Amino acid sequence: SLCPFSPLNYQTVLKPNMDALSSSFLSPLSHPKFISSPTTVTITITKPPSLTPPYLPNLLNISSVRIEDKPQTTTTTTTRTTSQPLKEQSPSSSSSYPQKPTTPKKAAPPPPPPPPRRQIEPSFPATIFNAFDDIINTFIDPPLRPSVDPRYVLSNNFAPVDELPPTECEVVEGSLPPCLDGAYIRNGPNPQFLPRGPYHLFDGDGMLHSIRISQGRATLCSRYVKTYKYTVERNAGSPVIPNVFSGFNGLTASAARGALTAARAVAGQFNPVNGIGLANTSLALFGGSLYALGESDLPYIVKLKADGDIVTLGRHDFEGKLFMSMTAHPKIDPNTGEAFAFRYGPVPPFLTFFRFDADGTKQPDVPIFSMTRPSFLHDFAITKKYAIFADIQIGMNPMEMIVGGGSPVGTDPAKVPRLGIIPRYAEDESEMRWFDVPGFNIVHAINAWDEEDGGVVEMVAPNILSVEHTLERMDLIHASVEKVRIDLKTGIVSRHPLSARNLDFAVINPAYVGKKNRYVYAAVGDPMPKISGVVKLDISVSEGDRRDCTVASRMYGPGCFGGEPFFVAREPNNPEAEAEAEEDDGYVVTYLQDENSGESKFLVMDAKSPNLDIVAAVKLPARVPYGFHGLFVRESDLNKL
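Residues numbered from 1 in each chain as written. Predicted model: local features only at pLDDT ≥ 70, side-chain atom pairs only at ≥ 80, totals over all residues. Heavy atoms only, no water.

Here we come to the overall build of the protein chain. Scanning the protein chain for helices and strands turns up 8 helices and 35 strands. The 641 residues of the protein chain split such that 55% are buried. In the protein chain, of all internal contacts separated by at least 6 residues, the share reaching a separation of at least 24 is 64%. (Helix = DSSP H or I, 4+ residues; strand = E, 2+ residues; numbered from the N terminus. Buried < 20%, exposed > 50% of the residue type's maximum accessible area, 1.4 Å probe, protein only. Contact = heavy atoms within 4.5 Å.)

Encoded structure:
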């Protein structure tokens, strides 16, 4: 019934192509490692309408293939069983939830089915471009390495999901504390279309998963960030803009995809001036606006409606003052409301530092020309006086792409990592100082502060011990949290390990950004990017004889994996909460996926308890894939957006 041709053409044209598609593409996708839940596969087949049948065998085009999770249901049929809840574990198990009596609650209604996908007939140029794209992905640069093979990268709970309109959730354990009235929003990659060729975990379109909490009730909503790239490809019905992290491996593949991308731009399929970013990494709240961020583009303003729905308001350049891109990890001073940020790139200046006033007004750029080669600068840190940047061994490596057929972003073992410190209100780089720190490669920074009246800077960050695997084999990465002390008077740099465990995606109480803090909440890699638990570190004990600062932990149990933790203070506006003893008075929240049952949950943990006890667990009406960074926005701030 899908065949737009005559029966003769079906036998000679469509059936052989469909058989080839089934054996070479759909069959591997049916493997349990890729499809983790009941699934619908939608295939759109098109042909140029002006061509006669003899040319069809060469130009039959699979314009898009979409794999979609079916909505969870609460009924049982003879052909498909429903997801089972998390299995009860023994209270003596270190990975079990505490067994608390709960009042039976009315089950939340099932989520509405996703709207039917609009079928789009591609234009003749688009058909030609898609055919060339298929040739590149099949013959020139097929996804041979596991790190860019969609069958592995998008397996289990990394598989994409459809958008979910605001849907009520069921609190299945405990109760949601009143201080959580607001929304926890987490960003992450969720490809709009199934990749045709190589695909890296970092390449997916940004999707926000928001749980809106009000008076003990919760509503989940999942929406794409409507970036320019998303909109162009949605209107085209297929991928148009190449993947940055996986699409340019080797000189031949880079030249082919570069030429095809240029041809698409010339043909008017997209305009690169409007940005090609994904906005898939994190969120930030400053200047009265909420931003979805990805470091390859400008920020996108998003807003939460009263019913919990997420709306993208558009790409924002701060009245023309922000160019090209911005880090996905700006730092917001909790006392002044200022935001500090930077951008980096492959051409000089390789690093540019800037800041925003509390009202969101951007101040002039401070180009850093003392960084003499492009480096991978994903994150940084601030103190009350300084900004600290890490020039690590990961950077632009064009020779590896040309000679070795690898990615243009790679590692340089001969490079000595260093830390750069500049006054945070500097107008130029004249006061920028660099300090060599051999073996110190950080992707994320946890916090930094001043000591001895600004004569010493201390920073806490996870150090990647196997940096060569950062982009290719994340399962081999081990990150050890360290405290680094930089004496600005003597130039001496000292380091102290805080934990031997594989920890990353670490957060603190946001009220302590830029000043000395005591507690850190970090995700346990099992291995990364999967997170098997969360630990609480007391970094003040590192000043004594202890080498492991872990003071509390919670492991999620076999087959259960979480996301980045986030700390929410119990009384953020209480002056007494500023005291050091009250720094951990609050809750740690995260999303959790049970891969045994396919169920997703939202967890609330008591940050002060020695076992990070579960205060509340919310069963989510749809699966939430693993992702990157999140943010909690209080109701008072949501109302100001």
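A separate point is the nonpolar core. By size, the foremost hydrophobic cluster in this structure holds 73 residues, and its most contacted members are Phe389, Leu419 and Ile422. Setting aside residues up to four positions removed in sequence, Leu419 forms contacts with Ile388, Phe389, Ala390, Arg433, Trp434, Phe435, Val437, Phe440, Met459, Val484 and Ile486. Residues Phe566, Val568, Val589 and Phe602 belong to the second largest nonpolar core, which totals 41 residues. (Core = buried A, V, L, I, M, F, W, Y, C linked by side-chain atoms within 4.5 Å.)

Per the UniProt annotation, the sites labelled "binding site: Fe cation" (unreviewed entry) are His329, His378, His444 and His629. Taking the farthest pair of C-alpha atoms as the criterion, the annotated set spanning 301 residues converges on one region, since that pair is 12.7 Å apart. Within the fold, His444 resides in the loop between strand E21 (433–436) and strand E22 (447–451). The contacts of His444, once residues within four sequence positions are left out, are His329, His378, Asp379, Ala461, Pro462, Asp504, Phe505 and His629. Within the local environment of His444, its side chain forms a polar contact with the side chain of His378, the two groups lying 3.4 Å apart. If you trace the backbone, His629 turns up in the loop between strand E34 (614–619) and strand E35 (630–634). Contacts of His629, omitting those with residues within four sequence positions, involve Arg186, Asn187, Thr281, Ser282, Leu283, His329, His378, His444, Phe505 and Glu564. (UniProt positions renumbered as here; feature names shortened; annotations may be inferred. Polar contact = N/O pair within 3.5 Å; in protein donor to acceptor, adjacent residues only side chain to side chain.)

Using the criterion set out here, one finds 22 aromatic pairs in the structure. Here Phe342 and Phe389 contribute two aromatic rings whose centre-to-centre distance is 5.4 Å and whose plane-to-plane angle is 90°, an arrangement assigned as edge-to-face. With Phe342 in strand E13 (residues 339–344) and Phe389 in strand E17 (residues 386–391), this residue pair connects regions lying 47 residues apart in the sequence. With a relative accessible area of 0%, Phe342 lands in the buried category. Site record: aromatic cluster; members linked through ring pairs are Phe340, Phe342, Phe353, Phe380, Phe389 and Tyr425. The ring of Trp434 is capped by Arg418, whose NZ or CZ atom sits 4.0 Å from the centre of that ring. The ring of Phe561 has Lys530 sitting right over it, with the charged end atom 4.7 Å from the ring centre. (Phe/Tyr/Trp six-rings, centres within 6.5 Å; stacked < 30°, edge-to-face > 60°. Lys NZ or Arg CZ within 6 Å of the ring centre and 35° of its normal.)

For the structure on display, the rule yields 4 cavities of 30 Å³ or more. A volume near 350 Å³ is recorded for the largest cavity. Along the walls of the largest cavity sit 25 residues, with Asp133, Pro239, Ile241, Pro242 and Asn243 positioned nearest its centre. Of all elements in the fold, only helix H3 (124–140), helix H5 (228–236) and helix H6 (251–266) reach the threshold of two or more residues within the lining of the largest cavity. Here the lining of the largest cavity takes 4 residues from H6, the largest share from any one element. When the residues that make up the lining of the largest cavity are grouped by side-chain class, the tally is 10 nonpolar, 7 polar and 8 charged. (1 Å grid on protein atoms, 1.4 Å probe; cavity = no way out; pocket = protein on both sides within 12 Å on 5 of 7 lines; lining within 4 Å. Points joined across faces, edges and corners; volume = space filled by probe spheres on them. Nonpolar A, V, L, I, M, F, W, Y, C, P; charged D, E, K, R; others polar.)

A word on the pairing of strand E25 (residues 493–497). In this sheet, E25 lies alongside strand E24 (residues 479–487) in antiparallel orientation, the contact comprising 5 bridges. Note on E25: the bridge partner recorded for Lys483 is His496. Following E24, the chain reverses through 5 residues before pairing antiparallel with E25; Gly491 in that reversal takes a positive phi of roughly 80°. (Pairing = 2+ DSSP bridges.)

If you trace the 4 strands from one edge of the open sheet to the other, you get E22-E23-E24-E25, paired in antiparallel fashion. Edge strands, defined here as strands with exactly one partner in the open sheet, are E22 and E25. When strand polarity is set aside, the average angle formed by the axes of neighbouring strands in this sheet is 25°. (Axes fitted to C-alpha atoms, helices over the stretch in contact; angles between N-to-C directions.)

Read across the sheet, 4 strands follow the order E16-E17-E20-E21 without closing on themselves; strand pairing throughout is antiparallel. Each end of this open sheet is capped by a strand with a single partner; those strands are strand E16 (381–382) and E21. Here strand E20 (residues 418–423) pairs with E21 via 4 bridges, running antiparallel. Note that in E21 the partner of Gly420 across the bridge is Trp434.

Moving on to the pairing of E17. The buried fraction of E17 is high, at 6 of 6 residues. The side-chain alternation of E17 yields two buried faces, one formed by Tyr386, Ile388 and Ala390 and the other by Ala387, Phe389 and Asp391. Relative to E17, E16 runs antiparallel, the two sharing 2 bridges. Looking at the pairing, Ala381 lines up with Ile388 of E17. Hairpin connection from E16 to E17: 3 residues lie between these consecutive antiparallel strands. When E17 meets E20, the two strands line up antiparallel, connected through 6 bridges.

Applying the stated criterion to the full structure yields 34 salt bridges. Ionic pairing is found between Glu635 and Arg212, a salt bridge with its closest N-O pair at 2.9 Å. Here Arg212 lies in strand E6 (residues 206–214) and Glu635 lies in helix H8 (residues 635–638), a separation of 423 residues in the sequence. Look at Glu635 and you get partly exposed, because its relative accessible area is 23%. Exposure remark for Arg212: the relative accessible area of 10% places this residue in the buried category. As a salt-bridge pair, Lys530 and Glu595 come within 3.0 Å of each other at their nearest N and O atoms. With a gap of 65 residues between them, Lys530 in the loop between strand E27 (519–525) and strand E28 (531–538) and Glu595 in the loop between strand E32 (586–594) and strand E33 (599–606) connect regions that are remote in the sequence. Residue class for Glu595 comes out partly exposed when judged on its relative accessible area of 27%. When salt bridges with common partners are traced through the structure, they connect Asp333, Glu338, Arg355, Asp357, Lys384 and Arg424 into a single cluster. (Salt bridge = Lys/Arg side-chain N within 4 Å of Asp/Glu carboxyl O.)

The end-to-end C-alpha distance of H6 is 22 Å, a good match for the 22 Å that 16 residues give at a rise of 1.5 Å each. The set of residues buried in H6 consists of Ala253, Ser254, Ala256, Arg257, Leu260, Thr261 and Arg264. Taken around the axis of H6, the buried residues stretch over an arc of 165°, which confines them to a single face. Opposite its buried face, H6 presents the exposed residues Thr252 and Val266, each directed more than 90 degrees away. (Expected span 1.5 Å × (residues − 1). Arc of directions from axis to C-beta.)

Moving on: the packing of H3 against H6. Where H3 contacts H6, the two axes come as close as 11 Å, and the packing angle between them is 170°. Between H3 and H6, the angle falls in the class roughly antiparallel. Note on element contacts: H6 touches H3 through Thr252, Ala253, Ala256, Arg257, Leu260, Ala263 and Arg264, opposite Phe129, Asn130, Phe132, Asp133, Ile136, Asn137 and Ile140. Per-class residue counts for the contact of H3 with H6 are 8 nonpolar, 3 polar and 3 charged. (Parallel < 35°, antiparallel > 145°, perpendicular 65-115°, else oblique.)

Within the secondary structure, Glu338 sits in the loop between strand E12 (331–332) and E13. For Glu338, a relative accessible area of 10% gives the class buried. Only 2.9 Å separates the side chain of Glu338 from the side chain of Thr336, close enough to count as a polar contact.

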